[in-house]
Amino acid sequence: MNDYNNFNYIGVILLGFAHFIMLIGSIILVIKQKSLGSFLILTGSTLVVITALGGFLWVLIAKHQGVESILQITAALNIFKGLSHTVLAIGVIIFARALGKK
C-alpha cells in the first residue's frame, strides 16, 4: 500500500510542477504579446493552479469530516477544474486563430 502512496505523491508533485511551468509560460506570453487570447491563457492557467492547490488543501481538510464530504468536495472541484481548463482552452484557440491571421 505504501508504494501506491509514493506513486500518488510523485504524480501530485509532477502535476504541480507542470501547472507551475504553464503559469510561467503564460506570464511570458502576456508580456511578449498582449491579446485577448494570451490574457485568457493566463487567466486559465492561474485558475488551474488555484483550483489544484485549493483542491488539494480542501480535500485534506475534508478528510476529517468523512467520505461523503470528500465526495461532495471532489464533485465541486471537478466543476471548477473543468471551468478553469475551458478558459485556458478558449484562450489557446483565440490565440492560435490570431496567429493564423498574421
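Residues numbered from 1 in each chain as written. Predicted model: local features only at pLDDT ≥ 70, side-chain atom pairs only at ≥ 80, totals over all residues. Heavy atoms only, no water.

Caption draft 1: Here's a closer look at the overall build of the protein. Within the protein one finds three helices and zero strands. A compact globule built from 102 residues should have a C-alpha radius of gyration of about 13 Å, whereas the protein, at 17 Å, is more than 25% larger. Seen along its three principal axes, the alpha-carbon backbone of the protein occupies a region of about 55 × 25 × 20 Å. For the protein, buried positions account for 20% of its 102 residues. Within the protein, counting contacts between residues at least 6 apart in sequence, those at least 24 apart form 59% of the total. In the form shown here, the protein has an accessible surface area of approximately 7400 Å², with 74% of it arising from carbon and sulfur atoms. (Helix = DSSP H or I, 4+ residues; strand = E, 2+ residues; numbered from the N terminus. Rg over C-alpha atoms; globule rule 2.2 N^0.38 Å. Buried < 20%, exposed > 50% of the residue type's maximum accessible area, 1.4 Å probe, protein only. Contact = heavy atoms within 4.5 Å. Areas by Shrake-Rupley, 256 points an atom, 1.4 Å probe, with all protein chains shown as cover.)

Caption draft 2: Spatial organisation of the packing of helix α2 (residues 36–62) against helix α3 (residues 67–100). Between α2 and α3, whose axes approach to 7 Å, the crossing angle comes to 165°. Classed by the angle they form, the pair α2 and α3 counts as roughly antiparallel. You can see that α2 and α3 cross each other, and the crossing is left-handed. Grouping the amino acids of the contact of α2 with α3 by side-chain chemistry returns 19 nonpolar, 11 polar and one charged. (Axes fitted to C-alpha atoms, helices over the stretch in contact; angles between N-to-C directions. Parallel < 35°, antiparallel > 145°, perpendicular 65-115°, else oblique. Left-handed = near helix turned anticlockwise from the far one by under 90°. Nonpolar A, V, L, I, M, F, W, Y, C, P; charged D, E, K, R; others polar.)

Caption draft 3: Focus on α3. Its 34 residues give α3 an end-to-end C-alpha distance of 49 Å, which sits within 8% of 50 Å, the value for a rise of 1.5 Å per residue. Looking at α3, one finds that the buried residues are Ser69, Ile73, Leu77, Ser84, Leu88, Gly91 and Phe95. (Expected span 1.5 Å × (residues − 1).)

Caption draft 4: Region of the structure containing a nonpolar patch on the surface. A grouping of Val12, Leu53, Phe56, Leu57 and Leu60 is seen on the molecular surface, where their side chains present a nonpolar patch of about 430 Å² in accessible area. With four residues, the single largest contributor to the nonpolar patch is α2. Tracing the backbone through its elements, the reader meets Val12 in helix α1 (residues 2–32). (Patch = residues over 30% accessible without salt bridge, like charges linked within 9 Å, V, L, I, M, F, W, Y side chains within 5 Å. Salt bridge = Lys/Arg side-chain N within 4 Å of Asp/Glu carboxyl O.)

Caption draft 5: A look at the environment of Asn8. With respect to the secondary-structure elements, Asn8 resides in helix α1. Once the C-alpha coordinates of Asn8 and Phe56 are considered, the two residues, 48 residues apart in sequence, prove to be 12 Å apart.

Caption draft 6: Examining the side chain of Ser45 more closely. Among the structural elements, Ser45 can be located in helix α2. For Ser45, a relative accessible area of 3% gives the class buried. When near neighbours in sequence (up to four residues on either side) are disregarded, Ser45 contacts Met22, Leu23, Ser26 and Leu88.

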